[in-house]
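# Descriptive structure summary
One letter stands for each residue in the lines below.
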Amino acid sequence: MHVSHGKRLTRARRGAGTALAVTALLGAAIAASSPASATDKAAVKAAPEAAATAAADCSDAYKIEKTVDGGTTWRMCWHYNTLSGLILDNISYQPKGEAKPIPVLTSARLAQVHVPYDDGQAEFDDITGTDFGRALQKLKTSECPGGTIKTVKVPDRGNVSGLCVTTRARGHAYRLNNDASTGGTGKVYTGQGRDLLVYTVNKASWYEYITEWRFSSDGTISSNVGATGSLSPYDFDGGDSRGWPIGKGDQAKAESHSHNVFWRMNFGLDGSPKAKVEQYDSKVTPPPANGGSPTTKTTRTPVTKEIAGDRKDMRWWRVVSTAGKNKDGHPRSYEIVPGPSQKHAGRPYTKHDVFFTQYKKCEQYASNNPSCGNNVPTSVDKWVDGQTLTHPITWVNIGFHHIARDEDQQPMPVHWQGFSMAPRDVTAMSPLTPSDLAAQNGKPPLGG
Ligand SMILES: [Cu+2]
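What comes next is a walk through the structure. All values reported here derive from a predicted model rather than from experimental measurement.

## So, the overall build of the protein chain
- Within the protein chain, the secondary structure is distributed over five helices and 21 strands.
- Across the 448 residues of the protein chain, 40% fall into the buried class.

Encoded structure:
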């Protein structure tokens, strides 16, 4: 199996850092080869979806279960992949009062971190092209406050205490002062949220990426990647107006670059891979000339075939269950909520914010995908080729254009980029509704 890497210019940058450690582990056979061919070998070893399937029935060591505020229980399995690192499988949640867990995702994981430098002299795929997966970092106890650090069997490397499972306060989950004006008792209903957090730290050359998954009591799932570590010392040639001086005076111009992070989600709402995708657009019309208020019209567009989607004001997408409805008779769905993004227009796969593709086992990485074999395109944009969506795979791309600053040294403060998946009609009311408000489903009662 040969992987086409295209024309990738590689500076010396990747020769440093973790490459040495991995070289030692893999032995002399790979030692002499370039980072690119080491990646080829890693790709051969990785059997992404097969592993995901195998993990479906996970033993205790690979199980994560946590009841958070309001009595919501999150359950999932995890496994570890040589390239993309942490993969979460069979994610479900069970709000208090639900008879059984509600399946949400069959698998969720990083699908690429694409790093093009502004001068065009270097372009990296940090997931498939560096030691990302193998270079899982051992976490200190203090890095997982209040939690448990799980042991990860890293292929070709051995056991690493590198998966933190903990909880973290997120502030108010809700608040309602049900006072006389709303016909209430004067009681204040309020709750503080505490999320389940699952994270790893992977080193990619000079950078360290924190991959964080967050599960909230209200059913929201978020993933963020935090870039930290160190600026690459081999990329201080930004004297071509494509860098920023971070040394004294006009010295040490760190070359600007982007981090385009991709995620791949395989939804399994209500336990079924079959789902529909919908796009919503709202259009605001200015007030009529003769007075009145502006109006807004929202349009639902069924996405029946594969698409590459672009963000727009008042546009959003959701993945809709075909297998189950909530107690109000509404089909369950999850909305994709991208975080701030600086889209990089340089490659067909970075040009779009989301992709929905028909499931195909070998399509695992948004770019430089190693597993589909010869003559098959290696990036997600090419897989959008008109197939009907019956089992959609959701891809999210969040970009960050990194123009370095003095404060990026040293170590670089963590910069986050990510997105959320918000439940929409998964439960008939908020999973956190206090029991004495449970009857308020629909139009709230008028105050007396
Ligand atoms: Cu950066």
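## Here's the deal with unusual backbone geometry
- Put simply, Q409 and Q410 share a cis peptide bond, and its omega is 0°.
- Mapping Q410 onto the fold places it in the loop between β20 (392–402) and β21 (412–424).
- Cis peptide bonds are those with omega within 30 degrees of zero, and the linkage from Q410 to P411 qualifies with 0°.
- By the secondary structure assignment, P411 is in the loop between β20 and β21.
- The backbone of A252 sits at a positive phi, close to 55°, despite the residue not being glycine.
- Looking at the secondary structure, you find A252 in the loop between β11 (243–245) and β12 (253–255).
- Here M314, not a glycine, exhibits a phi torsion of approximately 60°, which is positive.
- Looking at the secondary structure, you find M314 in the loop between β16 (307–309) and β17 (315–325).

## A closer look at the pairing of strand β1 (residues 63–67)
- With five bridges connecting them, β1 and strand β2 (residues 73–81) associate as antiparallel partners. The residue of β2 that forms the bridge with K63 is C77.
- What sits between β1 and β2 in their antiparallel hairpin is a turn of five residues, with G70 showing a positive phi close to 75°.

Quick notes on the rules
- Residues numbered from 1 in each chain as written.
- Predicted model: local features only at pLDDT ≥ 70, side-chain atom pairs only at ≥ 80, totals over all residues.
- Helix = DSSP H or I, 4+ residues; strand = E, 2+ residues; numbered from the N terminus.
- Buried ≥ 20, exposed ≤ 12 C-beta atoms within 10 Å, placed from the backbone.
- Pairing = 2+ DSSP bridges.

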